[in-house]
Amino acid sequence: MRYRTIGSDPGTRREVSVLALGAMLFGSRTDEKTSFAILDRYVEAGGNFIDTSDNYAFWIDGGQGGQSEELLGRWRRSRGVGDEIVIATKLGARPLAPGTSYVDNAEGLSAEVIRESAERSRERLGVERLDLLYAHIEDRTVSARETVEGFAALVAEGTVGLLGVSNHAVWRVERARALAAAAGLPGYEVLQYHHSYLRPRTDVPGDLWPDGTLGATTAELLSYLEAEPGLTLVAYSPLLKGGYLRPETLPSDYDHPGTPARTKVLGEVARETGATVNQVVLAWQLGGRFPIVPLAGVSSVAQLEENLGAVELELTREQRARLDAVS
């Protein structure tokens, strides 16, 4: 396993494995025995960066979520896991009532919600401090200042370490970070967005924004990362939920001329390296221009083993150039 540093403050920054493990469906669609086996193997391989959220996975049973955090708490207690494992969680998108969703009834990002939701997450996970806490989705009903100050208060109290943000417009990320910097407060240092080799159209209306998605890695976001080298991108759904193996499952966002062109080159590089297409995608992210941590969820130890194999896969400069050259 290889590692990279996230965060800048010596008191909160962490060394994390370059491959993060997504626990979205642990405790719901992925049963406890399988989830524990995946977690055990990930740690055995040197992995130490696990991702969850307070609303995972509310859509499975129509509830409010919490199953993933609860399972991770049971796993931590049963294995005697301490702060050597970095667990990131999110708040802001938990439905306020069963049968609703983050689209119509999200908890939001008020200072009160931030405090109460973070406390519930700490209890479910069984930790004194949340290593990394994300603002999961935007909340335009409260001021950015209130959200910034709400997160910063928990860092000051020592119940939260690093701060992150996901699925926000880039201008809102910068506004929040500027407010924090001006006030001498900790700001977002980890950005979690969807990123993969195949590129979706970002102008397709989404659940949260009628003009397209705010959750995809765009050229604007990449330029922001280039200008702010202290930031880290955690790339969720890098393997498109199995879409590289089953192209027919890709959503309509990928129905454009770039998809077959990039798929062709990806297959060529996979054959040249003797690796799987999934491994090439992960290796492409790991060795790129920007500090990217792929965040891949799995439902079996076998899938995890495939992903782990990407960590040591080195693409040549020529292979990377071919992959990058496809428009």
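Here the structure is a predicted model, which is why all the values come from computation and not from measurement.

1. A closer look at helix H11 (residues 301–308)
Regarding H11, the residues found buried are Leu304, Asn307 and Leu308. Projected down its long axis, H11 shows its buried positions confined to an angular sector of 100°, all on one face. In this structure, the buried residues of H11 make contact with strand E3 (20–22), helix H1 (32–44), helix H10 (277–286) and strand E10 (292–297).

2. Some thoughts on the pairing of strand E5 (residues 86–91)
On a regular strand, each side chain points to the face opposite its neighbour's, so the side chains alternate between the two faces of the sheet. Counting buried positions over the six residues of E5 gives six, a clear majority of the element. With burial as the criterion, each face of E5 is covered, one bearing Val86, Ala88 and Lys90 and the other bearing Ile87, Thr89 and Leu91. With three bridges joining them, strand E4 (residues 49–51) and E5 adopt parallel strand pairing. Paired with Asp51 across the strands is Ala88, a residue of E5. Of the strand pairs in this sheet, E5 and strand E6 (residues 130–135) are connected by four bridges, and their pairing is parallel. Following the sheet pairing, Lys90 is matched in E6 by Tyr134.

3. Notes on the sheet that holds strand E7 (residues 160–166)
Taken in spatial order, the eight strands line up as E3-E4-E5-E6-E7-E8-E9-E10 and close into a barrel, and their pairing is parallel. Neighbour-to-neighbour, the strand axes of the sheet open up by a mean angle of 30°, direction not taken into account. Bridging between E3 and E4 involves two bridges; their strand directions are parallel. Residue Leu21 lies in a different strand from E4, and its bridge partner there is Ile50.

4. Structural notes on the side chain of Ser121
Mapping Ser121 onto the fold places it in helix H5 (residues 111–125). Taking relative accessible area as the criterion, Ser121 reaches 1% and is therefore assigned buried. With residues near it in sequence (within four places) discarded, Ser121 still touches Asp54, Glu69, Thr89 and Leu130.

5. Describing the packing of H5 against helix H6 (residues 144–157)
Orientation of H5 relative to H6, taken along the N-to-C sense of each, is 35°, at an axis distance of 8 Å. Of the two elements, H5 crosses H6, and the hand of that crossing is right-handed. On H6, the residues touching Ala111, Ile114, Arg115 and Ala118 of H5 are Glu146, Thr147, Gly150, Phe151, Ala153, Leu154 and Glu157. When its residues are assigned to classes, the contact of H5 with H6 shows six nonpolar, two polar and three charged.

6. Points about the nonpolar core
One finds Phe49, Ile50, Phe151, Leu191, Tyr197, Val280 and Leu323 to be the most contacted residues of the largest nonpolar core, which totals 87 residues. It is H10 that contributes the most residues to this core, six residues altogether. The contact partners of Tyr197, leaving out residues within four places of it in the chain, are Tyr244, Arg262, Val265, Leu266, Val281, Trp284, Leu323 and Val326.

Cut-offs used in this document
- Residues numbered from 1 in each chain as written.
- Predicted model: local features only at pLDDT ≥ 70, side-chain atom pairs only at ≥ 80, totals over all residues.
- Heavy atoms only, no water.
- Buried < 20%, exposed > 50% of the residue type's maximum accessible area, 1.4 Å probe, protein only.
- Helix = DSSP H or I, 4+ residues; strand = E, 2+ residues; numbered from the N terminus.
- Arc of directions from axis to C-beta.
- Contact = heavy atoms within 4.5 Å.
- Pairing = 2+ DSSP bridges.
- Axes fitted to C-alpha atoms, helices over the stretch in contact; angles between N-to-C directions.
- Left-handed = near helix turned anticlockwise from the far one by under 90°.
- Nonpolar A, V, L, I, M, F, W, Y, C, P; charged D, E, K, R; others polar.
- Core = buried A, V, L, I, M, F, W, Y, C linked by side-chain atoms within 4.5 Å.

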